[in-house]
Structures are given as C-alpha cells and as structure tokens.
Amino acid sequence: MNYLGRQVVAYCNAMQIHIPWHWTCRTWAGRCPLIFNTVFGAINDRTRIVRPDTGLVIEGFPRSANSFSVFAFINSGAGDMTLAHHVHSPSQIILAARYGIPAILLVRAPEDAVAAGLAKIATHTASDLLRAYALYYESLIPLRDRYVIAPFETVTSDAGRIVSAVNKRFETSFSPISPERHAQLSKAFLAQEKLEGLANSRAEAPAPLPPRLRDGPLADRARSAHKRMLAAAAADDTLLPSR
C-alpha cells in the first residue's frame, strides 16, 4: 500500500469508520486484473503487482502468513528476482497463470484469517471478510493447476515442504529449507517483526467470531472454499502428515 492508501486506512481507523463491503468489492474487482490494477492500483504499491517479468508470485488472503512466506523465499534464493506479493487479490494469481509465472497461493482457515484481520484493522467487518474470503478462493479454483497451494499450518511449521512443491511443479531451484533452517528463519522473522514494531500486536490474539456469523451461511461458504483448497493441496503434497 502506498502513502495515500496508508493515510486513508489510518484515518478510517482513527475515526472508527467501518466500510461494510470494501473487501467484497475489492475481491470482486480482483477477478478482472485490468479493473483491479486500474482502480485499486492507485492506492497500492504497484511494484508488488504482477508483471510479465515477475519471477515469483506469493499471494493469499490477508493474515495467511503472507509476510513469513515472502521472507522464507527471499532467504531461499528469491532475493534477486522480482516478487509479486501482499496485494491480496485473485488478480495476482490470474496474471501469474496468464504469464506462466510460478505462483504460490496461501490458504488459512477462514475463521482464523478473518478473526486476525478484524484484530489488525478496525475498518474491517466480519461479514465482509467472510464473503470476500469465499469469493477469493472460489474464483481461483478454475486455475488450480497453475499454482501451488500453501496451507497456513505448513508454511508456519515446515516451509521446506512448500519450497519442494514449488521446485517440483515449476522446475525452479529454490534452496531447500530443512527443519533446522525453518527454525532459524522463524526466529529471524520474529526479530524483524519486533524491530519494525509489528509483533505482539492485537493481531497476535484475535477474538473468535460471533456465533451468529460463525454458524451462518457466510462462514459455511468460506469453510467450503477452504475445504476445497485443502483437498487440492494433497496433490501438491503440501499438507502436513497426519499424526
């Protein structure tokens, strides 16, 4: 997000202004890259948007280990290539498929992603995020063979499994991440977050969703999209082994 975008968010947070359909409209527009990049590109960091010369795309719904995933791949050989990340729009994966760029789609359980999003930014609303979550992943199912699915639990405990899946599908050569290396990266990432004042915030302990939303049709639709993504992740071998 650029300076203008940050100022808008900061103002809405300060004034406790909630925008009920913001993420739904944003995600809907993201199904058409041209529309999204024209309208929303004005308040986003355009260097993060997919271009034909992008080397790797790492995208997912907000609060799905986006930052750690980028950190891990930068430390596995992606530091010298152009990365597209943190736009949180299906347009990124759609463009990656169009240009034949290796892509990673991050997936977290909707209740957790939405709750963490509500804790992070006051302008979010639960119903809007649940609706956007379902729309985000549903819109990418037709492109299933063009990206690697990276479940939140795998990214945060065994990033090497994701690296291996990317190398296998796209014939890339990112450096393997052993369990020991993953632990080192996790510590380094946390240290960086603390240095930048991003760790130990309210987002670290999100409140659960209200029962009326947790048990409602929006949550059911989001859970269905999540379930379909996890089922497809089995083909990528990115699910953690059952214990």
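Just so you know, these numbers come straight off a predicted model, no measurement behind them. (Residues numbered from 1 in each chain as written. Predicted model: local features only at pLDDT ≥ 70, side-chain atom pairs only at ≥ 80, totals over all residues. Heavy atoms only, no water.)

**Quick word on the environment of S89**
- Take S89: it is sitting in the loop between β2 (83–85) and α5 (90–99).
- Taking the relative accessible area as the measure of exposure, S89 reaches 0% and is therefore buried.
- Sequence separation of S89 and R26 is 63 residues, and the distance between their C-alpha atoms is 7.6 Å.
- If sequence neighbours within four positions are ignored, S89 has contacts with R26, G30, F36, E59 and Y136.
- Separated by 2.7 Å, the side chains of S89 and S91 make a polar contact. (Helix = DSSP H or I, 4+ residues; strand = E, 2+ residues; numbered from the N terminus. Buried < 20%, exposed > 50% of the residue type's maximum accessible area, 1.4 Å probe, protein only. Contact = heavy atoms within 4.5 Å. Polar contact = N/O pair within 3.5 Å; in protein donor to acceptor, adjacent residues only side chain to side chain.)

**So, the environment of R51**
- Structurally, R51 is set in the loop between α3 (33–39) and β1 (56–60).
- Between the C-alpha atom of R51 and that of A84, which follows or precedes it by 33 residues, the distance is 8.2 Å.
- Dropping the residues within four chain positions of it, R51 is found in contact with T82, Y99 and I101.

**Quick look at the pattern of salt bridges**
- Taken as a whole and judged by the stated rule, the model has nine salt bridges.
- Of the charged contacts in the structure, one is a salt bridge between R51 and D53, with a shortest N-O distance of 3.1 Å.
- Across the salt bridge formed by D220 and R223, the nearest N and O atoms sit 2.7 Å from each other. With D220 and R223 both in helix α12 (residues 217–236) and three residues apart, the pair spans about one turn of that helix.
- Linked through salt bridges whose partners overlap, the residues forming this network are E111, D220 and R223. (Salt bridge = Lys/Arg side-chain N within 4 Å of Asp/Glu carboxyl O.)

These figures capture arrangement, not role.
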